[in-house]
Each structure stands twice: as structure tokens, then as C-alpha cells.
Amino acid sequence: MDSMQTQTSHKGAHTPLYVSVADRLARMIDQQTFLPGDRVPSIRNLSRQLKVSINTVKEAYALLEDRRLLEARPQSGYYVCNRLPDIPADPEIAPSDISPTGVSIGEMVEMIMRNSGEPGLVQFGCAIPNPDLLPIAKIGRMLANEARLRPVDHVSYTMPPGCKRLRTEIAKRLLDCGCTVKARDIVTTTGCSEAVFLALQAICRPGDTVAVESPVYFNFLQLIQTLGLRALEIPATQREGMSLEALRYALDHNRVKAVLCITNFSNPLGACMPEERKRELVNLLESRDIPLIEDDIHGDLGFDNERPLAAKAYDQTGNVILCSSFSKTVAPGYRVGWIVPGRFQPEIERLKMVVNLAAAAPTQLALAEFLANGGYDHHLRHIRRVYAQKVAEMSEAIGRHFPAGTRVTRPQGGFCLWVEMPDEVDALRLYARALKHKITLAPGPVFSATGKFRNCIRLNAAFWTDRLEGTLKTLGGLAKEMVGS
Ligand SMILES: Cc1ncc(COP(=O)(O)O)c(C=O)c1O
């Protein structure tokens with residue numbers, strides 16, 4: 001390795017030196033100069049080779065550990081992690097394939113959802129958070145206290161836009177997403193699902209076309225189906241999310257009423273759209289007067305310290321409708337979500353009232369108190385760290401037990417893993433066989449209106465512990481049987 005002359009790198013003069021060192025080593029790992037399992041130079045040696053300080057190398061190695069490229073082995077040194085190959089960054093986009101379709105994926109999805117409530121099953125299927133990582137005792141106490149302190153509010157309707165205290169707390173938190181909004185710009189909902197449902201209802205009429213990522217979170221397909229809409233699947237990559245090139249092509253050739261997109265740590269790919277791409281997406285849709293419905297439910301679950309912005313941060317005109325909830329971080333059963341409806345606010349408030357009058361008051365009050373005084377940031381720091389570890393460990397275990405040629409995503413947030421197996425593996429058959437072993441999973445075809453992803457599955461890493469290694473081995477074994485390996 002040659003010496004490191006300057007502090008600049010391809011990223012420019014402001015890149016800290018340790019990041020340049022880390023990037024340089026990451027490139028060597030990418031180019032397979034260092035292979036999985038290889039020992040990389042000791043801190044002292046690399047410091048000598050690159051003529052940088054010991055501390056710089058230490059920080060670079062820590063960063064590479066965060067990126068799951070290196071692992072420290074006590075008394076032995078740093079080693080390249082045993083990873084599976086990534087899902088490739090560039091999808092094979094054949095624009096001529098992009099055309100709207102009617103949707104019908106109902107039964108399989110309902111089965112997967114019902115599975116999530118069965119205590120005897122290993123929960124690799126639904127993207128539910130691990131209850132051990134929810135602040136159950138604290139939020140429960142706050143719920144009881146709020147009932148005692150505000151008995152009348154607690155049992156009253158909180159007509160749209162919903163509980164003022166909660167909206168004020170959400171408005172404060174939205175600053176982290178780059179959004180400067182007032183409490184009055186927010187409407188509380190019954191979870192994020194209702195927020196997306198209201199947004200689609202406000203914009204679309206039966207027969208309209210909605211552009212979604214592909215693979216797409218299956219509940220979006222169900223909402224689209226229920227409203228009599230058509231889905232236009234736009235290829236997405238792990239690195240960038242929805243392909244804006246494919247979207248542009250699709251918009252040129254189709255009449256699209258809305259775009260529905262998970263911008264941060266998408267489900268199932270775990271993709272986080274880079275900031276520049278978010279801005280481009282917002283501008284593209286603004287210029288064509290097509291609303292963007294943004295689902296940011298995983299935005300608080302990034303493994304980096306810095307929270308990614310919402311696309312809404314780039315919205316100047318109210319064309320972006322931001323939807324989210326506390327279902328992944330605090331309490332899915334409380335059903336507390338919200339929507340920032342932009343220019344659709346009057347219609348969304350009207351629909352919310354028509355559909356169910358108001359979101360539940362007790363859980364809104366408890367969430368407001370939790371956000372104000374419950375240590376939400378501290379809680380997030382903890383669960384982000386734990387989920388990062390679970391995601392890394394489970395993806396390594398997949399590498400040990402799944403058929404040769406299997407590839408897995410490497411998300412930087414959330415807890416979903418998208419696993420692409422050899423072509424011979426049929427995910428629907430694997431689902432049925434796994435269920436006999438009391439294992440659930442989400443088969444690839446439910447993430448598409450057109451039955452794509454037959455050899456893919458989504459696995460939930462939220463419950464991962466070493467004790468599940470045997471279960472994963474069983475699942476990998478079932479997949480191997482289909483390959484004949
Ligand atoms: C991307 C995404 N949006 C929405 C939801 C549902 O959110 P809620 O439970 O708040 O309705 C989920 C749950 O899995 C999800 O993954």
C-alpha cells in the first residue's frame with residue numbers, strides 16, 4: 001500500500017482524513033484485494049504505511065466496523081467481515097416493461113399478517129418491531145397517568161386535526177427531518193397505514209394509476225387494490241430507492257395520478273434515497289403537478305447518528321404528503337400516526353372525519369407525553385444500535401446457511417432483510433414448507449402486483465438472537481433442498 005500524501009480524497013477537500021482512509025480500505029475490500037475473512041493491516045502498520053496518525057487509523061477502522069465491513073477480533077486484529085454479495089446497485093431496467101396493472105394479492109398477505117399474531121411461530125415474516133425493544137413499561141405508565149390527569153380529554157373525541165399536544169411535539173421532531181411545519185399543518189391518524197390510505201383517497205379516483213417502488217411494501221398494493229386503483233411498478237435499488245430514470249420514463253408514457261414512495265429505509269429493500277435524489281424527485285413531481293405521498297415510518301431507525309431528511313424537506317408548494325407513525329419505535333398497537341397533508345389538508349381532514357371521526361384520544365395523549373418527557377431520543381439511540389447489530393448478525397447467518405449464490409441487502413436502517421436466492425428456489429413453496437416448521441417469512445411475489453421476485457423473501461431481523469441460528473439453518477436447508485445442493 002503506498003503512502004497517503006494529502007488529506008483530500010475523491011469526496012473533496014473537506015473529507016476528514018479518517019474517512020478518506022476508511023474509503024480507501026473499503027475500495028480495496030470492494031475490489032477484493034482484501035477478501036472476506038482476511039486480516040487487514042494492524043493499526044500501527046497502516047498508520048506507518050499511510051503516514052497518518054494511529055488515532056486516524058483507529059477512527060477509520062471504527063467507521064468500517066460501523067459500515068459492517070470490518071470486525072475486530074479480540075487479541076487478534078481486524079478482519080474483513082464474511083458478507084454475502086450485495087444485491088446489485090443497478091437494476092436491469094427495461095422501461096418497456098413498465099406499465100400499470102390491476103392488483104390482487106389479498107389472501108397470501110392476509111395469511112402473513114395473521115401469522116404475526118401467533119405466539120408459537122418464529123417471526124421472520126411481518127416487519128413488526130421486537131417488543132423487547134419497545135418502551136412498554138414507560139408508555140404504559142404514561143397512558144395511565146394521562147387518564148388520571150386529563151380524565152375528560154382522555155374519553156373525548158379529538159376531532160381532526162387531532163390532539164394538539166401531540167401535534168406540537170411531532171412538529172418539534174419534524175425539524176430533525178428538515179421540515180419546518182406548525183402543529184396546525186399536521187393531522188393525527190390511526191397509524192401510518194391510515195395516513196397513506198387518506199392520501200390516496202384524497203388524490204385518486206377508481207381506475208387511476210399510482211406509481212410505486214418495486215419491490216413494494218405489500219400493504220400499499222392492498223390499499224391500491226381496495227381503492228380500485230392501478231399500480232405502476234418502478235424498479236428500485238438498495239442504494240438509491242426508486243429509480244428516478246425509470247420514473248421519468250414511466251411518467252412520460254403513462255398518466256400517473258400520484259407517486260407513493262418510502263424514502264428512508266424502505267420496506268422491503270431497506271433503501272435510503274440520497275438527499276440529492278430526494279430533491280430531484282420532489283422537483284420532478286412538482287414540475288408535472290403529480291403529488292408525492294411519502295412514507296417515512298423507518299426514518300428514525302437509521303444506524304448512522306444523523307437522521308436522513310424527508311423528501312418533504314424540499315417541498316416548497318405543499319405537493320408532498322408526509323405520512324408516518326410510532327409503530328416501529330414505540331407502540332404499534334397504540335395506532336398513533338400522522339400526516340402532513342400539504343395542499344390536500346382540507347380534503348384529508350374531511351375524509352378523516354368521515355371515515356372514523358377521530359384517532360383514539362388516550363394513546364395520542366400518552367404519545368404526546370412520551371415525546372415531551374419520555375426520553376425518545378435516548379430510546380432511539382439504544383434501539384438503532386441494537387437493530388444495527390441484529391441486522392448485521394442475521395445477514396451473516398444467512399450467508400452461513402442459505403444456498404450458494406444467495407444475496408442479501410445491507411440496509412443502513414430499519415430491520416428488514418431482502419434475500420435473493422438462486423432461481424430454483426420458489427419463495428411461495430418455501431413459505432408453505434417453512435410454516436410446517438413454525439417459521440414465517442414474507443415471500444417475494446407479495447411485494448409485486450405482477451408476481452415478480454419468485455426467488456426472493458423478506459426476513460425480519462428484529463427478533464434475531466444467536467438462539468435462532470438453528471431455525472435459520474432449517475430455513476436455509478429447505479431452500480437448499482429446492483436447489484438440490
Ligand atoms: C413502510 C411501512 N408503512 C406503514 C406501515 C404500517 O404502519 P402502521 O402500523 O403505523 O399503520 C408499515 C408496517 O410494516 C411499513 O413497513
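In case you missed it, the structure is sitting above this.
Residues numbered from 1 in each chain as written. Predicted model: local features only at pLDDT ≥ 70, side-chain atom pairs only at ≥ 80, totals over all residues.

Enquirer: Can you walk me through the overall build of the protein chain in this structure?
Expert: When helices and strands are tallied, the protein chain shows 16 helices and 16 strands. Taking 485 residues into account, the globule formula puts the C-alpha radius of gyration at 23 Å, and the protein chain, at 23 Å, falls close to it. The dimensions of the protein chain, computed from C-alpha atoms along their principal axes, are 65 × 50 × 50 Å. Out of the 485 residues belonging to the protein chain, those deemed buried represent 48%. (Helix = DSSP H or I, 4+ residues; strand = E, 2+ residues; numbered from the N terminus. Rg over C-alpha atoms; globule rule 2.2 N^0.38 Å. Buried ≥ 20, exposed ≤ 12 C-beta atoms within 10 Å, placed from the backbone.)

Enquirer: I would appreciate a short explanation of the environment of L25 in the present structure.
Expert: The topology assignment puts L25 in helix α1 (residues 17-30). For the pair L25 and A183, spaced 158 residues apart in sequence, the C-alpha separation works out to 46 Å. Ignoring any residue separated from it by four or fewer positions in sequence, one finds L25 in contact with V40, A60 and L64. (Contact = placed C-beta atoms within 7 Å.)

Enquirer: How should I be thinking about the site of the ligand in this particular structure?
Expert: Near the ligand, the surroundings consist of 13 residues, among which G191, C192, S193, S325 and S327 are the closest. By residue number, the principal contributor to the shell around the ligand is helix α8 (residues 191-203), which donates three residues. Residues that form the shell around the ligand fall into these classes: six nonpolar, six polar and one charged. (Near = placed C-beta within 6 Å. Nonpolar A, V, L, I, M, F, W, Y, C, P; charged D, E, K, R; others polar.)

Enquirer: In this structure, what is going on with the nonpolar core? I would like to understand it.
Expert: A general tendency of soluble globular proteins is for nonpolar side chains to be buried together. V196, A199, L200, V210, I339, L367 and V419 are the most contacted members of the largest nonpolar core, which totals 123 residues. Both of domain 2 (104-131 + 378-483) and domain 3 (136-375) provide at least three residues apiece to this core. Once residues within four sequence positions are removed from consideration, I339 is found in contact with V187, T189, A195, L198, A199, I321, L322, C323 and I348. One finds L46, L50, V57 and Y61 within the second-largest nonpolar core, a separate group that totals 18 residues. (Core = buried A, V, L, I, M, F, W, Y, C linked by C-beta atoms within 7 Å. Domains from an automatic or database assignment.)

Enquirer: Teacher, can you tell me more about the pairing of strand β6 (residues 230-237) here?
Expert: Note on strand geometry: in a regular strand, side chains alternate between the two faces of the sheet. Among the eight residues of β6, seven are classified as buried, and the element is accordingly described as predominantly covered. Sheet analysis places strand β5 (residues 209-214) next to β6, joined by six bridges and oriented parallel. Residue pairing across strands places S214 opposite P235, the latter belonging to β6. Crossover connection from β5 via helix α9 (residues 218-226) to parallel β6: handedness right-handed. Taken together, the two bridges between β6 and strand β7 (residues 241-242) define a ladder with antiparallel strand orientation. Of the residues in β7, the one forming a bridge with T237 is G241. In this antiparallel pair of consecutive strands, β6 and β7, the connection spans three residues. (Pairing = 2+ DSSP bridges. Right-handed = clockwise from strand over helix to strand, strands pointing away.)

Enquirer: Can you help me understand unusual backbone geometry in this one?
Expert: Only a minority of non-glycine residues have a phi that is not negative, and only a minority of peptide bonds are not trans. Note the cis peptide between P160 and P161, where omega equals 15 degrees. Cis peptide bonds are those with omega within 30 degrees of zero, and the linkage from S214 to P215 qualifies with 0 degrees. The residue P215 is located in the loop between β5 and α9 in this model. Positive phi, normally seen in glycine, also occurs at L357, with a value near 65 degrees. In this fold, L357 is placed in the loop between α12 (345-356) and α13 (361-373). Phi angles above zero are rare outside glycine, and F453 is one such case at about 65 degrees. By secondary structure assignment, the location of F453 is in the loop between β15 (442-443) and β16 (456-460). When the 20 C-beta atoms within 10 Å are taken as the criterion, F453 is described as buried.

Enquirer: Which parts of the structure should I look at to understand the packing of helix α15 (residues 427-436) against helix α16 (residues 469-483)?
Expert: Packed helix pairs are characterised by how far apart their axes lie and by the angle those axes make with each other. Here α15 crosses α16 at 135 degrees, and the two axes come no closer than 10 Å. Comparing the axis directions of α15 and α16 gives the class oblique. The chirality of how α15 crosses α16 is right-handed. Each of L430, R433 and A434 in α15 lies in contact with α16, whose residues at this interface are L475, L478, A479 and M482. Class assignment of the residues belonging to the contact of α15 with α16 gives a composition of six nonpolar, no polar and one charged. (Axes fitted to C-alpha atoms, helices over the stretch in contact; angles between N-to-C directions. Parallel < 35°, antiparallel > 145°, perpendicular 65-115°, else oblique. Left-handed = near helix turned anticlockwise from the far one by under 90°.)

Enquirer: Explain the pairing of strand β13 (residues 416-420) here, please?
Expert: Among the five residues in β13, five count as buried, and that is most of the element. In this sheet, β13 lies alongside strand β12 (residues 407-408) in antiparallel orientation, the contact comprising two bridges. Bridging from a neighbouring strand, R407 pairs with E420 of β13. One ladder, built from five bridges, connects β13 with β16; its direction is antiparallel. When the bridges of β16 are listed, E420 appears paired with C456.

Enquirer: Quick question: what am I supposed to make of α1 here?
Expert: Because each turn of an α-helix spans 3.6 residues, side chains separated by three or four positions end up pointing in the same direction. For α1, which comprises 14 residues, the first-to-last C-alpha distance of 20 Å matches the rise-based estimate of 20 Å (1.5 Å per residue) to within 8%. Buried within α1 we find L17, Y18, S20, V21, A22, L25 and I29. One or two positions beyond α1, positive phi appears at Q32, with a value near 65 degrees. (Expected span 1.5 Å × (residues − 1).)

Enquirer: Looking at this structure, how should I read the sheet that holds β12?
Expert: Each strand in a sheet pairs with its neighbour through backbone hydrogen bonds, running either in the same direction (parallel) or in the opposite one (antiparallel). Spatial strand order, β12-β13-β16-β15: four strands in an open sheet with antiparallel pairing. Looking at which strands have only one partner, the edges of the open sheet turn out to be β12 and β15. Bridge count for β15 against β16 is two bridges, and the pairing is antiparallel. Looking across to β16, one finds that A442 is bridged to R458.

By themselves, these are just geometric observations and shouldn't be taken as functional.
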